[in-house]
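A closer look at the structure
Below are the chains, spelled out letter by letter.
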There are 2 protein chains.
Amino acid sequence: MPEPDIEKLVDTDSELDPNEGIEKQENTYGISDEDIDEIIDALHHGYEEAVVEKISTLNAADGADLISKIEEEDRESLLSEHGVAFTAEMFAELQEDIRKSVLENMSPHQIAEIIKDLDSDDALDLIINLDEEFQTQIMKKLSSKMRLALEEGLSFPEDSAGRLMQREFVAVPQFWTVGKTIDYLREGSKTLPDEFFDIFIVSPNHHVVGEIPLNKLIRSKRTDKLDTLAINDAHHIPAMMDQEEVAQIFRRENLTSAPVVDENDRLIGVITIDDIVDVIDEEAQEDLLKLAGVDSGDIYGAAFKTSYSRFRWLFINLLTAILASLVIGMFEATIEQVVAVAILMPIVASMGGNAGTQALTVAVRSLSMKAVSRSNALRIIWKETIVGILNGVVFAIIMGIFTALWFTSPLLGSVIATAMIINLIIAGLFGAGIPIVLDHMGSDPAVSSTVILTTVTDIVGFFVFLGLAGLVLL
Amino acid sequence: MPEPDIEKLVDTDSELDPNEGIEKQENTYGISDEDIDEIIDALHHGYEEAVVEKISTLNAADGADLISKIEEEDRESLLSEHGVAFTAEMFAELQEDIRKSVLENMSPHQIAEIIKDLDSDDALDLIINLDEEFQTQIMKKLSSKMRLALEEGLSFPEDSAGRLMQREFVAVPQFWTVGKTIDYLREGSKTLPDEFFDIFIVSPNHHVVGEIPLNKLIRSKRTDKLDTLAINDAHHIPAMMDQEEVAQIFRRENLTSAPVVDENDRLIGVITIDDIVDVIDEEAQEDLLKLAGVDSGDIYGAAFKTSYSRFRWLFINLLTAILASLVIGMFEATIEQVVAVAILMPIVASMGGNAGTQALTVAVRSLSMKAVSRSNALRIIWKETIVGILNGVVFAIIMGIFTALWFTSPLLGSVIATAMIINLIIAGLFGAGIPIVLDHMGSDPAVSSTVILTTVTDIVGFFVFLGLAGLVLL
């Protein structure tokens, strides 16, 4: 363990209480419900100073939490009366939906004041979802440098590296020494970005020729030349690259920052790991929500807006459910004569839907982790089909025996057993196949896979079971 | 933009081609299918040198990809013939399941050789899932220092900060100056961790009294004392803290590393952002998979093992489907007389299931993002109930009119309309309520919410629709 022998180096001047840390350990993160209640209480009773003081003790994430978690009317009065108590970073930490509604209640001047304290990527994030006219009004209040940076950022497509990057970075020429670089960092202290992890080495025409992590720079001799240290395979991220792909590169290479280049391969910005953590969260959330037909705005959106955004998905599901009912309707005569089939038919459809969803979820996850290649796609589909056969046989036996006993009809038992096997095989085949084919066709597999799958398993389930029952029992 | 005026500092000695970067930009990340085919081809034809040379050009993630994506028999012969061509980092990057099966085919000596090139957290990761006896055999071949580190790591519970941390970190006493610290880093160059982002300031008895990001250290004057720079609110992570909570702290505070402390608040390790990215991926994957009743091993597991792991979930679903069938069975008389209800009943149940899943997914996601507090839990459930009422009314109208026309029975139309409203309200209420109540009771909401919900929406859907039909139509 590379640490100095501290026991021997006791600093007798220390004023620090050795137990200080232990108390800190007891704090959990985040603003507590009690703190929220206290602030709202002070707000309701008009204790202005108490409100402001309490807010000033919060860090950025806690301040954002406070704004998010309180009732809408409290939020409005808190922000209109004590808006200045909140830091720019608190607004930057807000969830998209809440941030939008909060900013729409503010003046362009107020928002410009917030923006000037932020790095260019956070500033862009703040205004990105506002109306174009409102954006223009805010831009007018900004310094020309910030305005230019924002306009350039807006020119990149959504979810691109260009939108994600910040324009503040550290780049030095390749012939500098370690000592000269450190001196430059010390002198330029105020104009540098708040945080940085790597230094980019650039050629005279702004091409990135390498990058040096700070921990490598700091360990090198002052006389070392940078080009002897530079890690040459810096990962150039084209500004147009999709953010999901950027996240995958960071994940694979364990990067903390990477240079972003324009179409001429000139350095124009940097993406840091904290942006990537947000992207990973966002993409994971998207997959989860899309599979259920939910919009990400639904988490914080109002009930009416949420109902509207979910309507479309439910309507498509209604159409597929009606389609399944039409299939059932084809076998009206069978149902009239053997009511038992009406009682049992949802079991076949439901088992197919559930088994298919298992296969589908695994396939969607593998696709978003980029673990599916041309060479293993067929193998994945084949494996899920085998799983369908294995579980199909097991559940055919269980359900066949159960049905034979329940309705004292071995014939009905063998009908449901056969339908179960067929539907679970179809479930495995289509559960893995649908997302892989959609992805291959360039569609997002998380969006429509579920609805296609359940349509297939419902229709096959009802058709095979009722059809066989009609053939065998009538 | 804080960069030196590079145009004026042209380095005429530069040997670098300014276009070099552009070619790199064309490479996408990851090993291509063509490269995989080439290596397997060389393997089959016995071109040993070509195989080794090709592997040596791969980075850690690509090497792991190669092992993961090829057929099992190719994997076995590749590793037995050319195992030494793969670096320790390639094994560290492998997915859990594949890594386990690969290591089980190797000797304790071979694995010990891999481990000695790794940091303690990666080493622990490598052996964690092996049999205890096999672990002991491997431990015997390790240096006593590494063995001790691994044994200590194994003593922490799964998914705790103690398992996640590495034991290699940089800690210096608080009375040192910036200059002395930099000199220490330069001298100790070889014993320091490969990468680090922050320096921890410790008191004589190993308590963390602060941390300094490298970019702050490097910008400070050599004569500055560390305790004037130290950021005092370093986030002490107790070794027993759950990794999900650690990830939440990193995410909230945009950290790149954090000190891990034992129960006496003494510094024992460090967690870095790359570990956290893995945790975030893992937790997001768990939520997604658990909601569908799938084990994370299912992605790479063999078909037979996968069938077995999915059986339990499907069996529980079978029981709930049978329960729903029993409910249908209660209304045999109604179905016998009005076959139309058998045709329509899956629509009511399916709409309830889908609407409920939407509410449920949003609630599960909010819970894992720690966005649910005591103060807003009831509000979330209430909002979903309102959404259920709104969409319930809309779909009641659509389905009521459609049914009245299809079966030329306005009465049947009003029965299905009423059942639709009731089931969608129940879906919203239970979809949001079940995960929140489970979480409150200390259960994982992602595991059992789905099955409880669909049981509720199926039973309510069938019962209300068939019951009403019996009352109104008979």
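About the cut-offs
Residues numbered from 1 in each chain as written. Chains lettered and ligands numbered in written order. Predicted model: local features only at pLDDT ≥ 70, side-chain atom pairs only at ≥ 80, totals over all residues. Heavy atoms only, no water. Helix = DSSP H or I, 4+ residues; strand = E, 2+ residues; numbered from the N terminus. Buried < 20%, exposed > 50% of the residue type's maximum accessible area, 1.4 Å probe, protein only. Contact = heavy atoms within 4.5 Å. Areas by Shrake-Rupley, 256 points an atom, 1.4 Å probe, with all protein chains shown as cover. Lys, Arg positive; Asp, Glu negative; His and termini not counted. Charge placed at Lys NZ, Arg CZ, Asp CG, Glu CD. Pairing = 2+ DSSP bridges. Axes fitted to C-alpha atoms, helices over the stretch in contact; angles between N-to-C directions. Least-squares fit on C-alpha atoms with pLDDT ≥ 70 in both. Core = buried A, V, L, I, M, F, W, Y, C linked by side-chain atoms within 4.5 Å. Expected span 1.5 Å × (residues − 1). Buried area = accessible area lost by both parts, 1.4 Å probe. Salt bridge = Lys/Arg side-chain N within 4 Å of Asp/Glu carboxyl O. Polar contact = N/O pair within 3.5 Å; in protein donor to acceptor, adjacent residues only side chain to side chain.

1. Let's talk about the overall build of chain A
The number of helices and strands found in chain A is 23 helices and six strands. Along the first, second and third principal axes, the C-alpha atoms of chain A reach 90 × 65 × 55 Å. Of all 474 residues assigned to chain A, the portion counted as buried reaches 58%. Relative to all contacts within chain A whose residues are 6 or more apart in sequence, the contacts with residues 24 or more apart total 66%. Surface accessibility of chain A: about 20100 Å² in total, with carbon and sulfur atoms responsible for 54%. Taking the 34 positively charged and 78 negatively charged side chains of chain A as two groups, their mean positions are separated by 9 Å.

2. Digging into the sheet that holds strand β6 (residues 267–272) of chain B
Residue and element names in this part refer to chain B. If you trace the three strands from one edge of the open sheet to the other, you get β4-β5-β6, paired in mixed fashion. Whereas interior strands pair on both sides, the edge strands pair on one side only; in this sheet they are β4 (237–238) and β6. Where β4 meets strand β5 (residues 257–261), two bridges bridge the pair, whose relative direction is parallel. Opposite Ile237, over in β5, you have Val260 as the bridge partner. Relative to β6, helix α16 (residues 243–253) is tilted by about 65 degrees, and along the sheet it contacts β4, β5 and β6.

3. Looking at the relation of the copies chain B and chain A
Mapping chain B onto chain A is achieved by rotating through 180 degrees and translating by 0.0 Å along the same axis, at an RMSD of 0.1 Å. A rotation of that kind, with that shift, is consistent with a two-fold axis. A symmetric contact is evident, with 98% of the interface residues of chain B recurring at the interface of chain A.

4. Comments concerning the nonpolar core
Ranked by internal contacts, the top residues of the largest apolar core, which has 76 residues, are Ile347 and Phe465 of chain A together with Ile347 and Phe465 of chain B. Those residues in contact with Phe465 of chain A that sit more than four places away from it in its chain are Val341, Leu344, Met345, Val348, Leu412, Val415, Ile416, Ala419 and Val460 of chain A. Membership of the second largest hydrophobic core comes to 44 residues, among which are Ile271 of chain A together with Phe197, Met241 and Ile268 of chain B.

5. Some thoughts on the pairing of β5 of chain B
All names here are of chain B. Among the five residues that make up β5, five are buried, leaving the element largely enclosed by the rest of the structure. What you see with β5 is no split at all: Ser257, Pro259 and Val261 on one side and Ala258 and Val260 on the other are buried throughout. Where β5 lies against β6, five bridges are found, and the strand directions are antiparallel. Each residue of the ladder has a partner; that of Pro259, found in β6, is Val270. Linking β5 back to β6 in an antiparallel pair, the connection comprises five residues, with Asp265 at a positive phi of about 65 degrees.

6. A look at the sheet that holds strand β1 (residues 171–173) of chain B
All names here are of chain B. Pairing is mixed in the open sheet, where three strands are placed in the order β1-β2-β3. The open sheet has two free edges, formed respectively by β1 and β3 (208–213), since each of these has just one partner strand. Each strand of the sheet is rotated relative to its neighbour by a mean of 35 degrees, with strand direction disregarded. Here β1 pairs with strand β2 (residues 198–202) via three bridges, running parallel. Bridge pairing in β2 links Pro173 to Val202.

7. Focus on helix α17 (residues 273–291) of chain B
Residue and element names in this part refer to chain B. An ideal rise of 1.5 Å per residue puts 27 Å on 19 residues; α17 measures up with 27 Å between its terminal C-alpha atoms. For α17, the tally of buried residues reaches 14 of 19 residues, placing the bulk of the element in the interior. Trailing α17 by a residue or two, Gly293 shows a phi angle of about 70 degrees, which is positive.

8. Here we look at the interface of chain B and chain A
Counting residues at the interface gives 163 residues for chain B, matched by 160 residues for chain A. Between chain B and chain A the total buried area reaches about 14500 Å² when both faces are included, carbon and sulfur atoms providing 62% of it. If you look at where chain B meets chain A, you find 10 salt bridges. Here Arg310 of chain B and Glu384 of chain A are joined by a salt bridge, their closest N and O atoms 2.8 Å apart. At the boundary of chain B and chain A, one finds 38 residue pairs in polar contact (both at pLDDT 80 or more). In terms of residues, the side of chain B that touches chain A owes the most to one element, helix α20 (residues 339–368) of chain B, which gives 18 residues.

Interpretation note: all reported values are geometric properties and have no functional meaning in isolation.
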